[in-house]
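# Report on the structure
Here is what each chain is made of, one letter per residue.
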Amino acid sequence: MKDMIDQKIASVAQLLLEADYAISLTGAGISTESGIPDFRGRSGIWKEFNPILYGNIETMKRDPSFFWKLAKRIAPTLLKARPNPGHYALAELERMGIIKSIITQNIDGLHQLAGSKIVFEVHGSLHNFTCMKCEANYTREEIIPKIFKEVPKCDKCGGFLKPDVVLFGESLPLDQINYSQVAALEADLMLIAGSALEVIPVNQLPQTVINQGGKLVIINDEPTWLDDHAEIVIHEKTGNILPKIVEELKKLF
Ligand SMILES: NC(=O)c1ccc[n+]([C@@H]2O[C@H](COP(=O)([O-])OP(=O)(O)OC[C@H]3O[C@@H](n4cnc5c(N)ncnc54)[C@H](O)[C@@H]3O)[C@@H](O)[C@H]2O)c1
Ligand SMILES: [Zn+2]
């Protein structure tokens, strides 16, 4: 078993080396080893506050206090999360010139903290907040200390604030989606790490790569519906496998 995984790691390194334009697509799975639970892991947090209800734009408009209850519960976990070896390995692959960009469904900012430079955040980011009434912008540092005491409001107009993340029922940031589609059209290899590939429209991007004649590599600890279309599939932890791919590539350089 171990030998088989080692062989697959060597093959992934070879594919990455041969690729002209490799990109990565990541999901919540790459951040679980940083302590942030994914939705499918049925962690206590999501059982207590179903994100589809508490993280919904309609709920937020009707009564923002529901959203902020969820935010208060998840904020300590998000604030103390640090990048794990999987994030660092992807940043290293970018520095080595191997991958050109990361398309991420995550909102935790851990790719950037690990040193990745070109990151398309298709579901937005938790680093900024916007007033739902006057559009004033606030940083995370300005808002987070307030959320443990009250539902934060805009200093200018008293309106309710919303983090710049895509809530359920909202459309995706067009610029980030466009950049991601262009990257997928260019790509001859997509390294997918830690995503069940069940959220549209991001889960259509691997198909774009295949349609252009490109290849997929999937690293996910459980099977995905695209496994049969991938060149190589490794059902292991991203924090374990991605650094080994970097090590292997360095031997080939
Ligand atoms: N960290 C975050 O920012 C965060 C966390 C939870 C949810 N979300 C949001 O929820 C949505 C969920 O979709 P998704 O597809 O990204 O995640 P998902 O929850 O649908 O799937 C994550 C996948 O990763 C796998 N996984 C978990 N830990 C892993 C590990 N260490 N190594 C390898 N695989 C692992 C799981 O088995 C699952 O198949 C996303 O749109 C995202 O925006 C984001
Ligand atoms: Zn305002």
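Everything here concerns the structure above.
Heads up: these notes are all about the structure in this document. (Residues numbered from 1 in each chain as written. Chains lettered and ligands numbered in written order. Predicted model: local features only at pLDDT ≥ 70, side-chain atom pairs only at ≥ 80, totals over all residues. Heavy atoms only, no water.)

## With respect to the sheet that holds strand β5 (residues 137-139)
Spelled out, the test is: Paired strands are those between which DSSP finds at least two bridges. In DSSP terms, a helix is any run of H or I states spanning at least four residues, a strand is any run of E spanning at least two, and both are numbered starting from the N terminus. Fitted lines through C-alpha atoms give the axes, limited to the stretch in contact for helices. The angle between two N-to-C directions lies from 0 to 180 degrees. Any two residues whose heavy atoms approach within 4.5 Å at even a single point are treated as in contact.
Read across the open sheet, the three strands follow the order β5-β4-β6; overall the sheet is antiparallel. Pairing within the sheet leaves two strands with one partner each, and these edge strands are β5 and β6 (161-165). With direction set aside, neighbouring strand axes in the sheet form an average angle of 40°. Note: strand β4 (residues 124-131) against β6, four bridges, orientation antiparallel. Bridged to Phe129 within β6 is Pro163. Against the sheet, helix α8 (residues 140-147) makes contact with β4, β5 and β6, and its axis sits at roughly 75° relative to β5, the strand it touches most.

## Topic: the coordination of the zinc ion (ligand 2)
For a metal bound by four donors in tetrahedral geometry, the ideal donor-metal-donor angle is 109.5 degrees, whereas six donors in octahedral geometry ideally sit at 90 or 180 degrees. We count it as follows: The rule for donors is simple: N, O or S, within 2.8 Å of the metal, or within 3.2 Å if the metal is Na, K or Ca. Water isn't counted, so a site may look like it is missing partners. A four-donor site is called tetrahedral if each angle lies between 85 and 135 degrees; a four-donor site is square planar, and a six-donor site octahedral, when trans pairs exceed 155 degrees and the remaining angles lie between 65 and 115; all other cases are labelled irregular. Accessible area is worked out with a 1.4 Å probe on protein chains only. A residue is then buried under 20% of its type maximum, exposed over 50%, and partly exposed in between.
Around the zinc ion (ligand 2), the protein supplies Cys131 (SG), Cys134 (SG), Cys154 (SG) and Cys157 (SG) as donor atoms, at distances of 2.3 to 2.4 Å. Coordination at the zinc ion (ligand 2) is tetrahedral: its four donor atoms span angles of 100 to 114° at the metal. Positions of the donor residues of the zinc ion (ligand 2), expressed as sequence spacing, correspond to C-x2-C-x19-C-x2-C. You can see Cys131 sitting in strand β4 and its partner Cys154 sitting in the loop between α8 and β6, a full 23 residues away along the chain. Cys154 carries the same exposure label as Cys131, and that label is buried.

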